Amino acid sequence: MFNDRFLKACRREEVDYTPVWLMRQAGRYMPEYMEIRNKSDFLTMCKTPEIACEVTLQPVNRLGVDAAILFADILLPLDGMGINLAFAKNEGPVISNPVRTAKDVENIRVIDAEEATPYVMEAIKLLRKELEGRVPLIGFSGAPFTIASYIIEGGGSKEYKNCKTMMFRAPEVWHSLMEKISEVLLRYLKAQIKAGAQAVQMFDSWVGALAPVDYATYVLPYSKYVLDGLKDEGVPVIHFANNASSMLELVAEAGGDVIGLDWRINLDVAWKRIGYDRAVQGNLDPFTLFGTPKVIEEKVKRILAMAENRPGHIFNLGHGINKETPVENVIALVEAVHKYSRR
Ligand code: CP3
């Protein structure tokens with residue numbers, strides 16, 4: 001029973017129902033995740049292929065989604081670059097040596113992903129065995145801007161003050177940093193594909209902080225470098241830029257076989273702007289899952305209606321699932337997508 005609806009939809013082929021998976025589908029809203037999480041810290045989970053594998057499979061088994069996404073993190077490549085990453089309790093990622101100067105950028109190492117993150121490639125190989133073709137396995141990375149934002153700010157940020165200071169005061173430093181980051185990310189994704197990832201997604205979670213003109217100058221060439229570099233790898237590439245509906249055309253220009261959509265734009269409007277020669281993924285507001293099952297069903301139907309059974313729609317949330325989401329609502333969502341999209 002090989003379910004390849006997700007890969008078919010990425011290639012804009014006909015499917016009997018719309019495939020669905022959820023960004024951050026493995027995580028703290030699941031009691032079976034918490035059971036493991038209570039015994040080990042997050043980075044240890046990522047670095048232990050058996051644990052990463054088990055946690056990746058949890059949502060596949062529990063929710064009936066049409067794709068698995070590797071349990072890992074966009075920040076795992078930082079260690080190999082010489083950037084010290086830790087996850088502080090209730091604070092998210094923290095970097096003790098943020099990059100701010102030309103000298104800091106010079107010190108960044110560009111090393112191969114197999115050397116920097118061998119455990120990621122091992123987890124992928126193990127997962128392909130364990131999945132036995134049940135559903136396809138998605139690999140992923142951050143996009144150059146989102147990774148730069150963590151490296152420069154030293155963690156999460158609201159205003160991206162240090163990033164924008166570098167962009168607007170020392171553009172040559174910014175560009176040399178982005179060159180190094182995009183090379184690391186391209187190698188990281190290529191290594192994941194080589195290990196067995198059947199599709200990859202590049203997450204640009206925080207790029208919505210930029211003006212479209214600045215995206216075009218300071219970011220697009222680097223996202224494009226990564227996406228162009230994956231063209232001959234033979235797997236579909238998803239490009240998700242969060243909070244970027246004001247610059248969807250630029251996001252599409254950077255590349256990707258599938259363009260990810262948040263919920264701040266109607267799917268029909270977005271798809272028309274992107275062009276029907278690309279597939280789209282999205283676009284349910286993650287907090288819809290805090291509503292009643294009836295409302296969830298209605299919102300699913302609305303999104304499916306906007307996709308008009310056009311080949312090339314993958315159902316997903318518009319951003320990652322919240323950690324307090326009721327699991328039964330997530331199950332109801334997956335069932336509703338399968339039920340109401342049946343051709
Ligand atoms: O989708 C999946 O199930 C795969 C796993 C996955 C994780 N992180 C696991 C994780 C994926 C795809 C990511 C990507 C990621 N990581 C992004 C891009 C996606 C997005 O939401 O925009 C970003 C920005 C990060 C960086 C990151 N990692 C942050 C900001 C945090 C802390 C925030 C939080 O939710 O607490 C993490 C930690 C993290 N990554 C957790 C998980 C399950 C929580 C760790 C825990 O159990 O405490």
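What comes next concerns the included structure. (Residues numbered from 1 in each chain as written. Predicted model: local features only at pLDDT ≥ 70, side-chain atom pairs only at ≥ 80, totals over all residues. Heavy atoms only, no water.)

Section: the packing of aromatic side chains
Each aromatic ring pair is specified by the distance between its two centres and by the angle formed by the two planes. Basically, it comes down to this: Note on aromatic contacts: the rings of Phe and Tyr and the six-membered ring of Trp form a pair at centre separations within 6.5 Å, being stacked when their planes are under 30 degrees apart, edge-to-face when over 60 apart, and tilted otherwise. Counting from the N terminus, the helices are the DSSP runs of H or I reaching at least four residues and the strands are the DSSP runs of E reaching at least two. Per-residue accessibility, obtained with a 1.4 Å probe over protein chains only, is compared with the maximum for each type, and a residue is labelled buried under 20%, exposed over 50%, and partly exposed between these values. Two thresholds decide whether a charge sits over a ring: the Lys NZ or Arg CZ must be within 6 Å of the ring centre and within 35 degrees of the ring normal.
By the definition in use, this model includes 10 aromatic pairs. Each ring, one from Phe145 and one from Tyr160, has its centre 6.1 Å from the other, and the planes form 55 degrees; the classification is tilted. Here the residue Phe145 occupies a position in helix α9 (residues 144-153), and Tyr160 occupies one in the loop between α9 and α10 (161-169), the gap between them amounting to 15 residues. By relative accessible area, which is 0% here, Phe145 ends up buried. These aromatic residues form a ring-pair network of at least three members: Tyr33, Phe42, Phe71 and Phe87. The ring of Tyr340 has Lys301 sitting right over it, with the charged end atom 4.6 Å from the ring centre. Here the basic side chain of Arg310 rests over the ring of Trp271, its NZ or CZ set 5.7 Å away from the ring centre.

Some words on the packing of helix α8 (residues 118-131) against helix α11 (residues 171-195)
The condition is simple: Lines fitted to C-alpha atoms define the axes here, with helix axes fitted over just the stretch in contact, and angles between the N-to-C directions of these axes take values from 0 to 180 degrees. Angular relationships are summarised with four words: roughly parallel below 35 degrees, roughly antiparallel beyond 145, roughly perpendicular across 65 to 115, and oblique for the angles in between. Crossing chirality is assigned from the near helix's rotation relative to the far helix, an anticlockwise turn below a right angle marking it left-handed and a clockwise turn marking it right-handed. Two residues form a contact once any of their heavy atoms are found within 4.5 Å. Amino acids are sorted into nonpolar (Ala, Val, Leu, Ile, Met, Phe, Trp, Tyr, Cys and Pro), charged (Asp, Glu, Lys and Arg) and polar (every other residue, Gly among them).
Where α8 meets α11, the axes come as close as 8 Å, and the angle between the chain directions of the two elements is 30 degrees. One element, α8, and the other, α11, form an angle in the roughly parallel class. The interaxial crossing formed by α8 with α11 has right-handed handedness. Packed against α8, whose contacting residues are Val120, Met121, Ile124 and Lys125, the element α11 presents Tyr188, Ala191, Gln192 and Ala195 at the interface. Classifying every residue of the contact of α8 with α11 by side-chain character gives six nonpolar, one polar and one charged.

Here's the deal with empty space enclosed by the protein
What counts, and what does not: Think of a 1 Å grid over just the protein atoms. A cavity is a set of points where a 1.4 Å probe fits yet cannot get out, a pocket is an open set with protein on both sides within 12 Å along at least five of seven lines, and lining residues have an atom within 4 Å of a point. Grid points are joined across faces, edges and corners, and a volume is the space filled by probe spheres set on the points.
One pass over the structure, following the stated rule, counts two cavities of 30 Å³ or more. Approximately 60 Å³ is the volume found for the largest cavity. If you go around the largest cavity, the residues you meet are Pro77, Gly80, Met81, Arg109, Ile111, Asp112, Ala113, Ala116, Thr117, Val184 and Tyr188. For the lining of the largest cavity, the elements supplying multiple residues, two or more each, are α5 (78-81), α7 (113-116) and α11. Split into classes, the residues belonging to the lining of the largest cavity amount to seven nonpolar, two polar and two charged. Lining the second largest cavity are Ala241, Ala244, Ser245, Leu248, Gly260, Leu261, Asp262 and Ile265.

A closer look at the environment of Ile238
Secondary-structure assignment places Ile238 in strand β6 (residues 237-241). As for Ile238 and Asn107, which are separated by 131 residues in sequence, their C-alpha atoms are 31 Å apart. Not counting residues within four places of it along the chain, the set of residues in contact with Ile238 comprises Phe6, Trp21, Val200, Gln201, Met202, Val258 and Gln281.

Side note on the site of the ligand
Selection rule: Nearness is judged by heavy atoms alone; a residue qualifies as near a molecule or strand once a single heavy atom is within 4 Å of it. Here a polar contact is recorded for every N or O atom pair within 3.5 Å, except that within protein the pair must consist of a potential hydrogen donor and a potential acceptor, and residues adjacent in sequence are included only if both atoms are side-chain atoms. Computed with a 1.4 Å probe, the accessible areas rest on the Shrake-Rupley method; for each residue, only the protein chains presented here act as cover.
In the vicinity of the ligand there are 23 residues, among which Arg28, Tyr33, Arg37, Ser205 and His319 approach most closely. Taking Ala26, its main chain carries an N or O atom lying 2.9 Å from an oxygen atom of the ligand. Ser205 has a polar side-chain atom sitting 2.4 Å from an oxygen atom of the ligand. For the ligand, the protein covers 88% of the area, taking 880 Å² as the surface of the free molecule.

Things to note about the pattern of salt bridges
To keep things clear, this is the line we draw: Salt-bridge detection follows one rule: a side-chain nitrogen of Lys or Arg within 4 Å of a carboxyl oxygen of Asp or Glu.
Inspection of every chain in the model, using the stated rule, returns 14 salt bridges. Residue Asp262 pairs with Arg264 through a salt bridge whose shortest N-O separation is 2.8 Å. For the salt bridge of Glu308 with Arg310, the shortest nitrogen-to-oxygen distance reads 2.7 Å.

Regarding the layout of surface pockets
Space inside the largest pocket adds up to approximately 1700 Å³. What lines the largest pocket is a set of 46 residues, among which Arg24, Arg28, Asp73, Phe87 and Gly92 lie closest to the centre. Looking at the lining of the largest pocket, the elements with two or more residues in it are α2 (31-37), α3 (42-47), β2 (85-88), β3 (92-95) and α9. The element contributing the most residues to the lining of the largest pocket is α2, with three residues. Its residues placed into classes, the lining of the largest pocket shows 24 nonpolar, 13 polar and nine charged. If you trace the second largest pocket, you find 15 residues lining it, with Leu227, Lys231, Gly255, Gly256 and Asp257 closest to the centre. Where the lining of the second largest pocket is concerned, the elements lending two or more residues are α13 (220-229) and α14 (248-254).

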